[in-house]
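Structural overview for review
Here is how the chains run, residue by residue.
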Amino acid sequence: MIASHDRPGLGILFICIGVTAISVNDMAIKLLSGGYPLHQIVASRSVIGLVFTLSLVRFEGGWPALRTRTPGLHLLRGLLVVLANMTFYAAVAMMPLAQATALFFVAPLFITLLSIPLLGERVGAMRLGAVCVGFLGVVVMQQPWNGDLAISRGVLLLPVFAALMYALMQVMTRKLGLSTPASVLAVYLQAVFLLVSFGFWLVAGDGRFAERFDNEAMQFLLRPWIWPASRDLGVFLLLGVMSGMVGYALSAAYRLAAAATIAPFEYIGLPLAIFWGWLIFDEWPGASVWAGCALIVGAGIFVFLRERRKERPQPGRRLRWGRR
């Protein structure tokens, strides 16, 4: 690890900014999901986000910083976040925002697990136990004992799959970020979003595949592109700005601090999602969602506290090199 990149306080600040921007982004996409295809929304926000992040590159090494020796890894990282976004927003179109967000927030638990084999970080038995408790929260929200769920279990698993893809992407960010500025990481993400979105437009932009499906998520993915209504232009602009902020802030966070340290701070997105769901969509979580949230968030907070305790010197313990 490069010492100058080990700045947990700044990493925590960036993760809080990024997660707040994500919550606004999620709310805006849910607002637009009834009239526009997902790939049009993503393409529109990525164009604006790319302009935003390219302007930041000038302050973090200039245009030469865009050169990379690992284009394949950046492409893989971008495809992982595209998969995470597509599956999560397909779920958001069919279920309450808070419930989808709560299920997605197993991502920090996935990050904790993946940091063991992929980053070589040490995770003790107690934190592994907390991860198991967090996944129990997913089971509670899946309600396997309930045969009359209003939402199919396949849809309920979409945010969990999105969380796994997101976790893999952030672990890669930690590795790539040691040699790549956050703004450049964000530029590559926006570029991959644009490529995938316009690929969707070339294949399905006229909506010819949408009529084959009655499923609301597939309709969201495949309906035809339309010119945005004037009342929605501000929402598209907001999405672009938030997208640029998310790409930069999360890239900066995971390159400045250990994954297991900052990942639990992503949980601030859960109360924000509950707030937006209540304020904008008149949604309020049920008892099983609250119980699942408690287990997932409680597990994440425990993992964070154990990580912080591990980083502090113990009384009477001799420190290596005579100083911390």
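Above this text sits the structure in question.
Residues numbered from 1 in each chain as written. Predicted model: local features only at pLDDT ≥ 70, side-chain atom pairs only at ≥ 80, totals over all residues. Heavy atoms only, no water.

In terms of regular secondary structure, the chain is built from 13 helices and zero strands. In the chain, buried positions account for 53% of the 324 residues. In the chain, of all internal contacts separated by at least 6 residues, the share reaching a separation of at least 24 is 84%. Looking at the chain as shown, the accessible area adds up to about 15,200 Å², and 67% of this sits on carbon and sulfur atoms. (Helix = DSSP H or I, 4+ residues; strand = E, 2+ residues; numbered from the N terminus. Buried < 20%, exposed > 50% of the residue type's maximum accessible area, 1.4 Å probe, protein only. Contact = heavy atoms within 4.5 Å. Areas by Shrake-Rupley, 256 points an atom, 1.4 Å probe, with all protein chains shown as cover.)

Right, let's get into the pattern of salt bridges. In this structure the tally under the stated criterion is two salt bridges. Measuring nitrogen to oxygen at the nearest pair gives 3.7 Å for the salt bridge that ties Glu283 to Lys30. Of this pair, Glu283 sits in the loop between helix H12 (269-281) and helix H13 (287-311) while Lys30 sits in helix H1 (residues 8-32), and the two are 253 residues apart along the sequence. This pair shows no difference in class: Glu283 is buried, exactly as Lys30 is. Notably, a salt bridge pairs Asp206 with Arg208, separated by 2.8 Å at the nearest N-O pair. In this structure Asp206 comes out as partly exposed when scored by relative accessible area, which is 48%. (Salt bridge = Lys/Arg side-chain N within 4 Å of Asp/Glu carboxyl O.)

Moving on, we get to the packing of helix H2 (residues 38-57) against helix H10 (residues 233-256). The interhelical angle for the contact between H2 and H10, taken along N-to-C directions, is 50 degrees, at an axis separation of 7 Å. Of the possible angle classes, the one that applies to H2 and H10 is oblique. Crossing of H2 over H10 shows right-handed handedness. Contact residues: Ile41, Ser44, Arg45, Ile48, Gly49, Phe52, Thr53 and Leu56 in H2; Phe236, Leu237, Leu239, Gly240, Val241, Ser243, Gly244, Met245 and Tyr248 in H10. Residues of the contact of H2 with H10, tallied by class, amount to ten nonpolar, six polar and one charged. (Axes fitted to C-alpha atoms, helices over the stretch in contact; angles between N-to-C directions. Parallel < 35°, antiparallel > 145°, perpendicular 65-115°, else oblique. Left-handed = near helix turned anticlockwise from the far one by under 90°. Nonpolar A, V, L, I, M, F, W, Y, C, P; charged D, E, K, R; others polar.)

Another aspect to go through is the side chain of Asn25. Looking at the element boundaries, Asn25 is found in helix H1. What makes Asn25 buried here is its relative accessible area of 3%. Once residues within four sequence positions are removed from consideration, Asn25 is found in contact with Arg45, Tyr89, Leu239 and Met242.

Let us now look at the side chain of Thr112. The topology assignment puts Thr112 in helix H5 (residues 107-119). If we skip the residues at most four places from it in the chain, Thr112 touches Val123, Val131 and Val303.

The next point concerns the environment of Phe59. Within the secondary structure, Phe59 sits in the loop between H2 and helix H3 (71-92). We classify Phe59 as exposed; its relative accessible area is 71%. Along the primary structure Phe59 and Ser183 are separated by 124 residues, whereas in three dimensions their C-alpha atoms are 8.8 Å apart.

Glancing now at the packing of aromatic side chains. Inspection of the entire model under this criterion finds 14 aromatic pairs. With 6.4 Å between their ring centres and 90 degrees between their planes, Phe198 and Trp201 make a pair best called edge-to-face. Pair noted here: Phe198 and Trp201 are both in helix H8 (residues 182-204), with a separation of three residues, about one helical turn. For Phe198, a relative accessible area of 37% corresponds to the partly exposed category. The exposure class of Trp201 is partly exposed, given its relative accessible area of 41%. (Phe/Tyr/Trp six-rings, centres within 6.5 Å; stacked < 30°, edge-to-face > 60°.)

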